[in-house]
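# Fold and geometry: a report
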Amino acid sequence: MYKQTLYKIHTDHLSDKKIKKDNKYKKFNYGYNEELDCVIISKDGTLGDIYEIQGLKVGIPKTPNKIDGEDLKKEDQVFKQISKPASLSKIKNLIDFKEYAEDIKEQYYGYIESEFNHRSNGYWFMCNNEPCYITGSHYIYLNWTKIDVGSPDFRQANRIFYYFWEACKADRRSYGMCYLKNRRSGFSFMASSETVNLATISKDSRFGILSKTGADAKKMFTDKVVPISINYPFFFKPIQDGMERPKTELSYKIPSRRLTRNAIKETYSQEEFRQGLDTTIDWKNTGDNSYDGEKLQLLVHDESGKWERPDNILNNWRVTKTCLRLGAKIVGKCMMGSTSNAIEKGGDNFKKLYYNSDVTNRNRNGQTASGLYSLFIPMEWGYEGFIDKFGYPVFESTSEPVEGIDGEQIFNGVIDHWNNEVDGLKNDSDALNEYYRQFPRSEKHAFRDETINSLFNLTKIYEQIDYNEEMTLKGYVTRGSFSWKNGIKDTEVVWSPNKTGRFNLSWIPPVSLQNNIIIKNGIKYPGNDGLGSFGCDSYDISGTVGGGGSNGALHGLTTWSMVSDVPNSKFFLEYIARPQTAEIFFEDVLMACIFYGMPILAENNKPRLLYHFKRRGYRGFSMNRPDKTKIKLSKTELELGGIPNSSEDIRQAHAAAIETYIESHVGNLGESHGNMYFQRTLEDWARFDISKRTAHDASISSGLAIMACQKHLYRPVGERKIKKLDFGLSKYTNSGLRSQIIK
């Protein structure tokens, strides 16, 4: 059964006496509440349920006593646009409205005031017998935004999107959102709607639009923003300056304001008309320095995952981020959203920006690395044709048809439909990965790469990644740490599961095989040699300037054996980390080798790890390079072991080892799937570039582990020379009068 993980709802706080008291006196302020560690988007001083969306806690208003639709039957409790008086559509602006007789205007004051309240505070309605709150921006999108198919549908996915966006606006620590979206999710229209919504109530402000190209930004402006502005009712729409349908800039003069009896009686002076609202919406050509040096209240970044070289979304964001702040104070927000291109076509930069926007990873100022907040909504939440009339997705197929939001009957679930599409593309890797990127069910789907850019079989790698994601709740991988028993080194290593550990394990040997060491001539050797081996990509320097540097990586792999307690050809350990000092890393590697009693093949161009093994008496654990006989090893290789990474033959053999392993042990193997459960390693294989090996720590160490377990394949074979035996017997020709010796 499908279990949604898009959001959680917290209600325990509502029973707290202090919360009840603050709700009674409406003391909750719009913005980040440090005590509750949540962003309150309520504007009426109350706090209701707290939604946790991708790590961000968002507090909505308290449920009111009276809600629209509560008198309807459950099956009729759906979102409906509030009816607009037909005669109001004839009024173009406030000046026209003033010309009407007072008794006619009196009919509209209540309706107009109600619309302003919904725009500011949001709107409550009953949905399938449940109170449902939508933000003011969402209300404007549903009621007053014209899109390509007419009026937008109410979708629960968009409700969550707008909660998240409202929290980004309310949170003083946030620069906005980085939305990893699905195709046809409606982001461009929602962003255009929000642009017009904010611009029509803002003074002396500028609103900007960027897209993957200047032409796309212009199209969004002319085909979405301008029509939405034109469609606004007169009481929301300011006096517009210039052309009715501008091509480059939309300029507003008189701001929209609440229409009361007193407000209607006011008149605008010529000076006010001249100075005006001075708010503009425009677009820029795509470039790293677009909007450089300008102050923006809102920047819409559409299709930001599709910026191809030489344009770079990372460079542009570093520039435009400064347009949204004055010193340390954030004065503007960014609404960024996109599907992702392939890695080499702009997807890599967007991926970095997205993961740098993780709200669970903040600096000491309380901000993410990018300043943005990342949001991903899986495709099943918004796939057209599978949304019921209440706005919820039909996840699974049911025995009875479900009424859709468009009135059509829905017979199948969106998950089954998606799986059927995927199965139909199994034989076309690039088409499958494009489908994953357009309609992703996970972040990993969204950042799938093209197979033509990978050295290895991406189809099998992604088959394994997908399979592993389904297995995440079944405990195939355990995280934890190794340590010396009682803190005494060189005794016995023990394993301790913990969530903050640096090791991931998928197999732990039985006690009889743990800490299996053989001592010969004072040197310690692995007792389980032949059952498996480790590969290691080490480093020598503890830290670099700025705290950078690549990770150290360690992988353990079993060989094929007849021992029943040992799985065959299985990666059982993954370690990808850079502890505070290199010595901690060395000790971690040593303890893993001792616990499993298996040898290690490490690169010897960074020898400090190998010296660490030798000093502690574990030279016997360090394998010699398998492609040379002992008499051919250099003095250093004899002393320390290890294998160099400078040889082109070694590099090619290393890549071929990974390639062979993937073909035989990864992905769909017919009746079963591979048992390679380490996602970070699989992802590193997927983007491995043999010309940039230093950037792929996991691939280096895992490849060395494979080579160590298959060392017999690299053993040099001496050239056979066949020497003729001479028994001292001569041969003669017997032709003619005399015999002659044949030479």
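It should be noted that the structure appears before, not after, this text.
Position numbers for residues count from 1 along each chain, tracking the sequence in the order it is written. Since the coordinates come from a predicted model, pLDDT governs what is reported: local features require at least 70, and pairs of side-chain atoms require 80 or more to be given and counted, while whole-chain, interface and lining totals use all residues. Derived side-chain values reflect all non-hydrogen atoms in the structure, with water molecules and hydrogen atoms excluded from consideration.

Time to look at the packing of aromatic side chains. Between the rings of Phe, Tyr and Trp (Trp by its six-membered ring), a pair exists once the centres lie within 6.5 Å; its type follows the angle of the planes, with under 30 degrees stacked, over 60 edge-to-face, and the other angles tilted. A complete count under the given rule lists 54 aromatic pairs for this structure. Cation placement over rings: the criterion is NZ of Lys or CZ of Arg within 6 Å of the ring centroid and within 35° of the ring normal. K43 extends its terminal NZ or CZ atom over the ring of Y30, reaching a point 5.2 Å from the ring centre. Above the face of the W418 ring, R441 is positioned so that its terminal group lies 5.4 Å from the ring centre.

Note that D428 resides in the loop between helix 13 (414–424) and helix 14 (429–438). By relative accessible area, D428 is classed as partly exposed at 39%. When the C-alpha positions of D428 and F386 are compared, they lie 26 Å apart, and in sequence the two are 42 residues distant. The helix count covers DSSP runs of H or I at least four residues long, the strand count covers runs of E at least two residues long, and both are numbered beginning at the N terminus. A 1.4 Å probe rolled over the protein chains alone gives each residue an accessible area, and that area as a share of the maximum for its type sets the label: buried under 20%, exposed over 50%, partly exposed in between.

Here we come to the pairing of strand 26 (residues 552–558). Of all seven residues making up strand 26, seven are buried, and the element is well covered by its neighbours. The alternating pattern of strand 26 places G552, L554, G556 and T558 on one face and A553, H555 and L557 on the opposite face, and all of these are buried. Sheet topology places strand 25 (residues 532–537) next to strand 26; six bridges connect them, and they run antiparallel. By the bridge assignment, S533 is partnered in strand 26 with L557. Bridge analysis of strand 26 against strand 27 (residues 571–577) gives six bridges, and the strand direction is antiparallel. Paired with H555 across the two strands is E574, which belongs to strand 27. Pairing between strands is defined by DSSP: at least two bridges between the two strands are required.

Either a parallel or an antiparallel arrangement is found when strands of a sheet pair, and the pairing is made through backbone hydrogen bonds. Here seven strands make up an open sheet; going across it, the order is 21-20-22-27-26-25-28 and the pairing mixed. One side of each edge strand has no neighbouring strand; the edge strands of this open sheet are strand 21 (493–497) and strand 28 (600–602). Each strand axis lies, on average, 25 degrees off the axis of its neighbour in the sheet, ignoring direction. Contacts are assigned to residue pairs that have any heavy atoms within 4.5 Å of one another. Angular values range over 0 to 180 degrees, each being the angle between N-to-C directions of two axes fitted as lines to C-alpha atoms, with helices fitted over their stretch in contact. Relative to strand 20 (residues 478–484), helix 17 (residues 582–596) is tilted by about 95 degrees, and along the sheet it contacts strand 20, strand 21, strand 22 (503–505), strand 25, strand 26, strand 27 and strand 28. Set on the sheet, helix 21 (residues 679–686) makes contact with strand 26 and strand 27; between it and strand 27 the angle comes to about 75 degrees.

We now examine unusual backbone geometry. The omega torsion across R309 and P310 is 10 degrees, close enough to zero to call that bond cis. The topology assignment puts P310 in the loop between strand 13 (298–302) and helix 11 (313–320). Despite not being glycine, N129 has its phi angle at roughly 75 degrees, a positive value. Within the fold, N129 resides in the loop between strand 6 (123–127) and strand 7 (130–134).

On the secondary structure map, S42 appears in the loop between strand 3 (38–40) and strand 4 (50–53). A relative accessible area of 1% means that S42 is categorised as buried. In protein, a polar contact requires one atom able to donate a hydrogen and another able to accept it; more generally it is a pair of N or O atoms within 3.5 Å, and residues adjacent in sequence count only if both atoms are side-chain atoms. There is a polar contact of 2.7 Å between the side chain of S42 and the side chain of D44. A distance of 2.8 Å separates the side chain of S42 from the backbone oxygen of T46, its partner in a polar contact. If we skip the residues at most four places from it in the chain, S42 touches Y30, G59, I60 and P61.

Looking at helix 14, one finds that the buried residues are S429, L432, N433, Y435, Y436 and R437. Here the buried face of helix 14 lies against helix 13, helix 15 (443–446) and helix 16 (458–470).

A separate point is the sheet that holds strand 5 (residues 56–59). Taken in spatial order, the five strands of this open sheet run 1-4-5-3-2, and their pairing is mixed. Among the strands making up the open sheet, the edge pair consists of strand 1 (7–10) and strand 2 (31–33). Geometrically, the sheet is characterised by an average inter-axis angle of 30 degrees between neighbouring strands, direction not taken into account. Relative to strand 4, strand 1 runs antiparallel, the two sharing four bridges. When the bridges of strand 4 are listed, Y7 appears paired with I53.

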